[in-house]
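What follows is each chain in one-letter form.
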Amino acid sequence: AAVAGLAVVNLRPPSPEPELAPRGSLLKGGGPSLKMMQKGPAGVLPVGPDQALHAGDQIQFLYHAAGHSLVVVVEVDGTGAVTALQPGEHPESWPVQASGTHVLPGSVILDEAVGPERVFAVFSDAPLPVEVVVEAVKGAIKAAGGDPRKVEALGLDGTVLAVLDFLKV
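The structure presented is a predicted model; accordingly, all values stated were derived computationally and were not measured.

A.B. asks: How would you explain the overall build of the protein chain if you had to name every residue and give the values?
C.D. replies: Within the protein chain one finds one helix and 12 strands. If you list the helices and strands of the protein chain from N to C, you get β-β-β-β-β-β-β-β-β-β-β-α-β. In the protein chain, once contacts between residues fewer than 6 apart in sequence are set aside, the share between residues at least 24 apart is 78%. For the protein chain, the exposed area adds up to about 8200 Å²; of that, 55% sits on carbon and sulfur atoms.

See the structure below:
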């Protein structure tokens, strides 16, 4: 599937893994989380809670799966476009480490769309078709009056949701 304005490229994981700013948020307490890193002149560093990002910035995600073995990562940009970021070209959810904090493979180069963006990490133990997750996100946004920040659930059985909000200027 073509992804307008986004490109997936490979990055080496940060070494050692830096202490992270509290960027990930969780819709249900005590479960998975998602955090963002940015590749810049100083290397791969955590994105701060008030740090705005720009078109062309290269980001990657760290996750804590809280016991789950699969993930699909979907992003809603400032125009409302919904795009699957992970697992890239794979048609189903991506295998992840069930415990610890890890870097998702690859990275994303941000497109030109400005405004608030939200990333949904949908963790599960059973494989999910990426397109099902994308459609569930679209449906949940519509049900929330078009505001992705009001989405609290996707209605996908057996899944747990972690979200990450950021601003692109």
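A.B. asks: Describe the packing of aromatic side chains, naming the residues involved and giving the relevant values.
C.D. replies: Across all of its chains, the model carries one aromatic pair by this definition. A ring pair is formed by Tyr-63 and Phe-123, whose centres lie 6.4 Å apart and whose planes are at 45°; its orientation type is tilted. Of this pair, Tyr-63 sits in strand 5 (residues 58-64) while Phe-123 is found in strand 11 (residues 115-124), placing the two residues 60 residues apart along the sequence. Just as Tyr-63 is buried, Phe-123 falls in that class too.

A.B. asks: Let's hear about helix 1 (residues 130-143): which residues, and what values?
C.D. replies: Across its 14 residues, helix 1 extends 20 Å between first and last C-alpha, which sits within 8% of the 20 Å expected from 1.5 Å per residue. Listed in full, the buried residues belonging to helix 1 are Val-130, Val-133, Val-134, Ala-136, Val-137, Ala-140 and Ile-141. Buried residues along helix 1 cover an arc of 160° about the axis, so they all sit on one side. Residues of helix 1 that are exposed and angled more than 90 degrees away from the buried face: Lys-142 and Ala-143. Residues of helix 1 that are buried in the fold lie against strand 6 (70-76), strand 7 (82-86) and strand 11.

A.B. asks: Which residues make up the pairing of strand 7, and what values go with them?
C.D. replies: Among the five residues in strand 7, four count as buried, and that is most of the element. Direction of pairing for strand 6 relative to strand 7: antiparallel, over a ladder of four bridges. The residue of strand 7 that forms the bridge with Val-74 is Ala-84. Between the antiparallel neighbours strand 6 and strand 7 lie five residues, among them Gly-80 with a positive phi of about 95°.

A.B. asks: Requested: an account of the nonpolar core, with residues and values cited.
C.D. replies: By size, the foremost hydrophobic cluster in this structure holds 21 residues, and its most contacted members are Leu-34, Met-36 and Phe-61. Elements that contribute at least two residues to this core include exactly strand 3 (33-40), strand 5, strand 6, strand 11 and strand 12 (159-168). Non-local contacts of Phe-61, meaning those with residues more than four positions away in its chain, are made with Leu-34, Lys-35, Met-36, Leu-85, His-102, Val-103, Leu-104, Val-108, Val-119 and Leu-164. Core analysis: the second largest hydrophobic core is formed by 20 residues, Val-122, Leu-128, Leu-154 and Leu-161 among them.

A.B. asks: Just give me the short version of the pattern of salt bridges, but keep the residues and values in it.
C.D. replies: Where charged atoms from two side chains of opposite charge come close, those side chains can pair. Inspection of the entire model under this criterion finds five salt bridges. Lys-168 is the salt-bridge partner of Asp-111, the closest N and O atoms lying 2.4 Å from each other. Here Asp-111 is found in the loop between strand 10 (107-109) and strand 11, whereas its partner Lys-168 is found in strand 12, with 57 residues between them in sequence. For Asp-111, a relative accessible area of 10% corresponds to the buried category. Accessibility expressed as a relative area gives 1% for Lys-168, which makes it buried. Put simply, Lys-168 and Glu-117 hold a salt bridge, and the shortest N to O gap is 2.8 Å. Pair noted here: Lys-168 is in strand 12 and Glu-117 is in strand 11, with a separation of 51 residues, a long-range link. Among the residues examined, Glu-117 registers a relative accessible area of 2% and is labelled buried.

A.B. asks: Please give an account of the side chain of Arg-118 that cites residues and values.
C.D. replies: Counting through the fold element by element, Arg-118 comes out in strand 11. There is a polar contact of 3.4 Å between the side chain of Arg-118 and the backbone oxygen of Arg-149. Here Val-151 takes part through its backbone oxygen, which lies 3.5 Å from a polar atom of the side chain of Arg-118. Here Arg-118 is in contact with Val-74, Glu-75, Val-76, Pro-148, Arg-149, Lys-150, Val-151, Val-163, Leu-164 and Asp-165, once residues within four sequence places are set aside.

Rules used in this analysis
Residues numbered from 1 in each chain as written. Predicted model: local features only at pLDDT ≥ 70, side-chain atom pairs only at ≥ 80, totals over all residues. Heavy atoms only, no water. Helix = DSSP H or I, 4+ residues; strand = E, 2+ residues; numbered from the N terminus. Contact = heavy atoms within 4.5 Å. Areas by Shrake-Rupley, 256 points an atom, 1.4 Å probe, with all protein chains shown as cover. Phe/Tyr/Trp six-rings, centres within 6.5 Å; stacked < 30°, edge-to-face > 60°. Buried < 20%, exposed > 50% of the residue type's maximum accessible area, 1.4 Å probe, protein only. Expected span 1.5 Å × (residues − 1). Arc of directions from axis to C-beta. Pairing = 2+ DSSP bridges. Core = buried A, V, L, I, M, F, W, Y, C linked by side-chain atoms within 4.5 Å. Salt bridge = Lys/Arg side-chain N within 4 Å of Asp/Glu carboxyl O. Polar contact = N/O pair within 3.5 Å; in protein donor to acceptor, adjacent residues only side chain to side chain.

Functional significance is not addressed by these values, which are geometric in nature.
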